[in-house]
2 protein chains.
Amino acid sequence: MTYCVAIALDEGLIFASDSRTNAGADQVSTYSKMHTFDVEGERVFVMLAAGNLATTQAVLNQMRRDMEDGAEESLYTVTHMAEAAAYVGRLNRQEQEKHTDALSKAGFTPDATFILGGQIEGEPPEIFMVYPQGNFITTSSHTPFLQIGESKYGKPILDRIIEPSTPLGDATRCALVSIDSTMRSNVTVGPPIEVLIYEKDKLAFDHYLCLETDDDYLLTLKRAWDENIKKAFRELPRFDWEAAQGRKRRGTQVSAKKKKTVKKKK
Amino acid sequence: MTYCVAIALDEGLIFASDSRTNAGADQVSTYSKMHTFDVEGERVFVMLAAGNLATTQAVLNQMRRDMEDGAEESLYTVTHMAEAAAYVGRLNRQEQEKHTDALSKAGFTPDATFILGGQIEGEPPEIFMVYPQGNFITTSSHTPFLQIGESKYGKPILDRIIEPSTPLGDATRCALVSIDSTMRSNVTVGPPIEVLIYEKDKLAFDHYLCLETDDDYLLTLKRAWDENIKKAFRELPRFDWEAAQGRKRRGTQVSAKKKKTVKKKK
């Protein structure tokens with residue numbers, strides 16, 4: 001499995017991904033799911049990949065070949081981000097079509113989903129989610145992030161924290177917390193965690209982190225988050241009956257609403 | 001959709017459920033998914049239900065009829081909780097078999113999943129998850145909770161907080177936070193939230209809460225949790241480059257690791 005998230009902010013873009021792939025519980029490997037392409041000062045692209053590893057590798061290889069061979073369409077030729085997303089969608093569908101028949105006979109699917117983000121000079125920075133069918137969606141001010149793979153465990157914290165005005169540092173931490181929570185709850189999502197922070201209009205990548213399990217910052221962050229969240233939890237308001245529970249043990253009766261139940265007829 | 005959770009603690013059992021059902025986005029209804037059966041002082045049972053509503057209603061009706069008709073096997077006759085789970089599993093499979101053919105032709109499934117918990121006099125309190133196939137699992141000291149329905153959004157907070165030694169009050173709050181996070185992230189899970197707290201060896205239900213959206217305690221809890229978690233988040237350790245980012249804007253260079261990229265050949 002996989003978990004990747006990308007966030008579109010006023011200040012720029014954040015990309016984060018885990019690195020675990022598995023084909024069955026006994027075929028677990030580590031592969032980077034974050035891939036960058038850039039012409040510094042002119043255009044930058046980040047691809048996050050989830051799904052069939054053969055498909056995602058084939059799509060990424062084709063993208064590289066198209067750039068190197070000066071193909072008619074490539075990340076060098078596209079003039080805006082949505083055009084790049086359409087190009088990735090087309091490659092994705094083409095690669096899947098090659099193997100759908102053989103894979104479906106074996107009970108597998110060639111499906112792959114990508115997040116493509118970046119900026120082309122003169123255009124705004126954007127992120128897109130490219131579906132296995134080749135179509136794609138982008139963010140909005142109310143939904144400033146996109147997730148692929150095992151996305152549910154890590155969504156609540158993003159829902160709570162992320163707004164377009166969130167600073168890059170906070171959003172990066174939130175992405176890390178989101179991935180860490182996912183790794184705790186699902187063993188098919190695993191380290192290292194890669195994070196790439198893109199500052200709007202820089203047209204170059206400055207901050208890239210690849211955090212192994214024993215990375216000092218990651219350990220400190222995990223410990224702090226665990227402590228802080230437990231503290232946050234301890235400080236929640238109590239129920240009336242919790243105070244009463246102590247009294248009751250000393251002989252006082254507790255009142256409580258009762259749920260209608262099926263009782264034995266006497 | 002549905003989200004229900006049950007927790008087995010040293011002090012007793014916690015049950016919590018949402019109340020939203022939907023058959024498509026335009027057929028959304030409110031149904032209680034928490035059902036209790038008891039002979040006070042002798043045996044208490046709680047059923048949480050997820051899946052096909054016709055199946056869950058049919059199973060619950062059959063359970064009530066078996067009790068009322070003095071059937072050979074019912075919640076009155078079972079001598080331990082696992083026997084009760086096997087009985088529910090059998091009813092579940094039987095009800096599904098009646099409709100599988102017709103439903104599958106229409107592209108539906110009769111699958112239902114239950115959590116059954118409670119205590120029979122002289123036996124320990126236990127909870128079981130009963131699968132659509134009729135088999136069932138219980139908890140362990142490392143996995144003291146069971147979830148059915150839309151369970152992923154609300155799992156990380158349970159993973160972090162719940163241990164067998166967690167007090168009933170804390171576990172109840174954790175279940176509420178877990179359901180609230182799920183409702184925020186998925187509209188098919190909705191209020192009212194029902195919560196039932198069972199104190200070990202009481203053989204009667206004392207604390208039952210049915211929290212509507214505008215319930216005072218629920219509103220206070222939601223607000224407090226949102227504030228506390230944002231505070232917990234704000235207090236996380238910063239990245240080096242966040243301090244540097246300020247300096248850089250005044251002309252200092254920031255160092256950063258770089259991810260290998262495909263660059264344009266010159």
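Being a predicted model, the structure only gives us computed values, none of them experimental. (Residues numbered from 1 in each chain as written. Chains lettered and ligands numbered in written order. Predicted model: local features only at pLDDT ≥ 70, side-chain atom pairs only at ≥ 80, totals over all residues. Heavy atoms only, no water.)

### Overview of the overall build of chain A
1) Next: The secondary structure content of chain A amounts to six helices and 13 strands.
2) Next: Since a compact globule built from 266 residues should have a radius of gyration of about 18 Å, the 23 Å found for chain A marks it as more spread out than a globular shape.
3) Next: Summarising its shape, the C-alpha atoms of chain A cover approximately 85 × 45 × 35 Å along the three principal directions.
4) Next: The buried share of chain A, taken over its 266 residues, is 55%.
5) Next: Here the contacts in chain A between residues at least 6 apart in sequence split such that 61% fall between residues at least 24 apart.
6) Next: Each charge class in chain A can be summarised by its mean position, and for the 34 positive and 38 negative side chains these summaries are 22 Å apart. (Helix = DSSP H or I, 4+ residues; strand = E, 2+ residues; numbered from the N terminus. Rg over C-alpha atoms; globule rule 2.2 N^0.38 Å. Buried < 20%, exposed > 50% of the residue type's maximum accessible area, 1.4 Å probe, protein only. Contact = heavy atoms within 4.5 Å. Lys, Arg positive; Asp, Glu negative; His and termini not counted. Charge placed at Lys NZ, Arg CZ, Asp CG, Glu CD.)

### Some thoughts on the environment of A:Thr220
Residue and element names in this part refer to chain A.
1) Next: Inspection of the secondary structure puts Thr220 in helix α5 (residues 216–234).
2) Next: Look at Thr220 and you get partly exposed, because its relative accessible area is 37%.
3) Next: Here the side chain of Thr220 touches Asp216 through a polar contact of 2.7 Å, landing on its backbone oxygen. (Polar contact = N/O pair within 3.5 Å; in protein donor to acceptor, adjacent residues only side chain to side chain.)

### Observations concerning the interface of chain A and chain B
1) Next: Contact residues are listed per partner, giving 76 residues for chain A and 77 residues for chain B.
2) Next: Across the chain A/chain B interface, buried area totals approximately 7300 Å², and carbon plus sulfur atoms make up 57% of it.
3) Next: Counting across the chain A and chain B interface gives ten salt bridges.
4) Next: Notably, a salt bridge pairs B:Arg238 with A:Asp170, separated by 3.5 Å at the nearest N-O pair.
5) Next: Counting every contact that joins chain A to chain B gives 18 residue pairs in polar contact (both at pLDDT 80 or more). (Buried area = accessible area lost by both parts, 1.4 Å probe. Salt bridge = Lys/Arg side-chain N within 4 Å of Asp/Glu carboxyl O.)

### A short note on the relation of the copies chain A and chain B
Copies of the same chain, two in number, are related to each other by a rotation about an axis and a translation along it.
1) Next: Superposing chain A onto chain B takes a rotation of 180° plus a shift of 0.0 Å along the axis, which leaves an RMSD of 0.0 Å. The transformation just described matches what one would write down for a two-fold rotation axis. Within chain A, the C-alpha atom positioned nearest to the axis of rotation is that of A:Tyr153, 2.3 Å from it. (Least-squares fit on C-alpha atoms with pLDDT ≥ 70 in both.)

### Concerning the packing of aromatic side chains
1) Next: Considering all chains together, one arrives at ten aromatic pairs over all chains under this definition.
2) Next: When the ring of A:Trp225 is compared with that of B:Phe233, the centres are 6.2 Å apart and the planes differ by 85°; the resulting orientation is edge-to-face. Taken as a pair, A:Trp225 in helix α5 and B:Phe233 in helix α5 (residues 216–234) lie in two separate chains rather than in one. Each member of the pair, A:Trp225 together with B:Phe233, is buried.
3) Next: Judged by centre distance (5.1 Å) and plane angle (15°), the rings of B:Phe239 and B:Trp241 are stacked.
4) Next: Pairwise contacts between aromatic rings join A:Tyr217, B:Phe239 and B:Trp241 into one cluster. (Phe/Tyr/Trp six-rings, centres within 6.5 Å; stacked < 30°, edge-to-face > 60°.)

### Notes on the sheet that holds strand β10 (residues 145–149) of chain A
Residue and element names in this part refer to chain A.
1) Next: Reading across the sheet, the five strands line up as β10-β1-β2-β11-β12 and stay open at both edges, with antiparallel pairing between neighbours. Edge strands, defined here as strands with exactly one partner in the open sheet, are β10 and β12 (207–211). Going across the sheet, the axis of each strand differs from the next one's by a mean of 10°, ignoring polarity.
2) Next: Direction of pairing for strand β2 (residues 12–17) relative to strand β11 (residues 193–199): antiparallel, over a ladder of six bridges. Among the inter-strand pairings, Gly12 is bridged to a residue of β11, identified as Glu199. (Pairing = 2+ DSSP bridges. Axes fitted to C-alpha atoms, helices over the stretch in contact; angles between N-to-C directions.)

### A word on the side chain of B:Ser74
1) Next: Mapped onto the secondary structure, B:Ser74 falls in the loop between α1 (53–68) and α2 (81–105).
2) Next: In contact with B:Ser74, not counting residues within four places along its chain, are B:Asp66, B:Met67 and B:Tyr87.

### Some remarks on the nonpolar core
1) Next: With 72 residues, the main nonpolar core has A:Ile7, A:Ile14, A:Ile162, A:Trp225, B:Ile7, B:Ile14 and B:Trp225 as its most contacted residues.
2) Next: Setting aside chain neighbours within four positions, we find A:Ile7 in contact with A:Gly12, A:Leu13, A:Ile14, A:Ile127, A:Pro144, A:Phe145, A:Leu158, A:Ile162, A:Ala171 and A:Ala175. (Core = buried A, V, L, I, M, F, W, Y, C linked by side-chain atoms within 4.5 Å.)

### Focus: the pattern of salt bridges
Opposite charge on two side chains permits them to pair, given that their charged atoms come into close proximity.
1) Next: The final tally for this structure, using the stated rule, is 32 salt bridges over all chains.
2) Next: Two residues, B:Lys33 and B:Asp18, come together in a salt bridge whose shortest N-O distance is 2.8 Å. You can see B:Lys33 sitting in the loop between β4 (28–30) and β5 (34–39) and its partner B:Asp18 sitting in the loop between β2 (12–17) and β3 (20–22), a full 15 residues away along the chain.
3) Next: Three or more residues are tied together by salt bridges with common partners; here these are A:Arg160, B:Asp180, B:Arg184, B:Lys222, B:Asp226 and B:Lys230.

### A look at the side chain of A:Glu242
1) Next: By the element assignment, A:Glu242 lies in helix α6 (residues 240–249).
2) Next: In this structure the side chain of A:Glu242 is engaged in a polar contact, spanning 2.6 Å, whose partner is the side chain of B:Arg173.
3) Next: When residues no more than four places from it in sequence are discounted, the contact partners of A:Glu242 are B:Gly169, B:Asp170 and B:Arg173.

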